[in-house]
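Structural overview for review
Chain residues, written in single-letter form:
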Amino acid sequence: MYLHPLSVFFLVLVVAVASEVCVAVTTPLHGFRGCAVREFSFVAQKPGCKGLRITTDACWGRCQTWEKPILDPPYIHRHHRVCTYNRTRQMTARLPGCQPNVSPLYHYPMALHCHCAICSTQDAECETF
């Protein structure tokens, strides 16, 4: 049986991508290091409406972080990165049971790509201690 070289290339490419997807799906999350898009569910709520369970994609993971003491103020050099959104798509859901004067529309981001970066309060909750 003769296969065109281009057909063989695409077959190898499909097998390689499929094997990588299987590795990503079967990797235990507790051992994962890095930053990735992951399915996430939450209850969307706002005053005057009932809650709605939403499943979307969010950023999840662990990024390299370190601190070291230095002799001059502020006496510590920090490198803190968090797993955060790189690209998003704005999504809209319609909440049930809203009062007549309350808009049922609820807006939230869906992660398309994530990366390790300095935490920005414009699109994430950043905690400092």
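Report on the accompanying structure. Only a predicted model underlies this, so the values are computations on that prediction, with no experimental measurement involved. (Residues numbered from 1 in each chain as written. Predicted model: local features only at pLDDT ≥ 70, side-chain atom pairs only at ≥ 80, totals over all residues. Heavy atoms only, no water.)

Take the overall build of the protein chain next. The helix and strand tally for the protein chain stands at one helix and six strands. Listing each helix as α and each strand as β along the protein chain from the N terminus yields α-β-β-β-β-β-β. Evaluated residue by residue, the protein chain yields a buried proportion of 16% over its 129 residues. A separation of at least 24 residues holds for 54% of the contacts in the protein chain among residues at least 6 apart in sequence. Of the roughly 10,300 Å² of accessible surface on the protein chain, 59% is carried by carbon and sulfur atoms. (Helix = DSSP H or I, 4+ residues; strand = E, 2+ residues; numbered from the N terminus. Buried < 20%, exposed > 50% of the residue type's maximum accessible area, 1.4 Å probe, protein only. Contact = heavy atoms within 4.5 Å. Areas by Shrake-Rupley, 256 points an atom, 1.4 Å probe, with all protein chains shown as cover.)

Quick look at the nonpolar core now. Formed by Phe42, Ala44, Cys49, Ile54, Ala93, Leu95, Val102 and Tyr108, the largest nonpolar core amounts to eight residues. Aside from chain neighbours lying at most four places away, what touches tyrosine 108 is Phe42, Ile54, Thr56, Arg89, Gln90, Met91, Thr92 and Ala93. (Core = buried A, V, L, I, M, F, W, Y, C linked by side-chain atoms within 4.5 Å.)

Turning next to unusual backbone geometry. The step from proline 73 to proline 74 runs through a cis peptide bond, and the omega angle for that step is 10 degrees. Position of proline 74 among the secondary structure elements: in the loop between β3 (66-69) and β4 (76-79). The backbone of tyrosine 75 sits at a positive phi, close to 70 degrees, despite the residue not being glycine. Summarising the element assignment, tyrosine 75 is placed in the loop between β3 and β4.

Before going further, it helps to spend a moment on the packing of aromatic side chains. In the structure shown here, the tally under the stated rule is four aromatic pairs. On the numbers, 5.9 Å between centres and 75 degrees between planes, the contact of phenylalanine 42 with tyrosine 108 is edge-to-face. Here phenylalanine 42, found in strand β1 (residues 34-44), pairs with tyrosine 108, found in strand β6 (residues 105-117); they are 66 residues apart in sequence, far enough to count as distant. The same class applies to phenylalanine 42 as to tyrosine 108, namely buried. Chaining the aromatic ring pairs together yields one cluster made of Phe40, Phe42, Tyr106 and Tyr108. (Phe/Tyr/Trp six-rings, centres within 6.5 Å; stacked < 30°, edge-to-face > 60°.)

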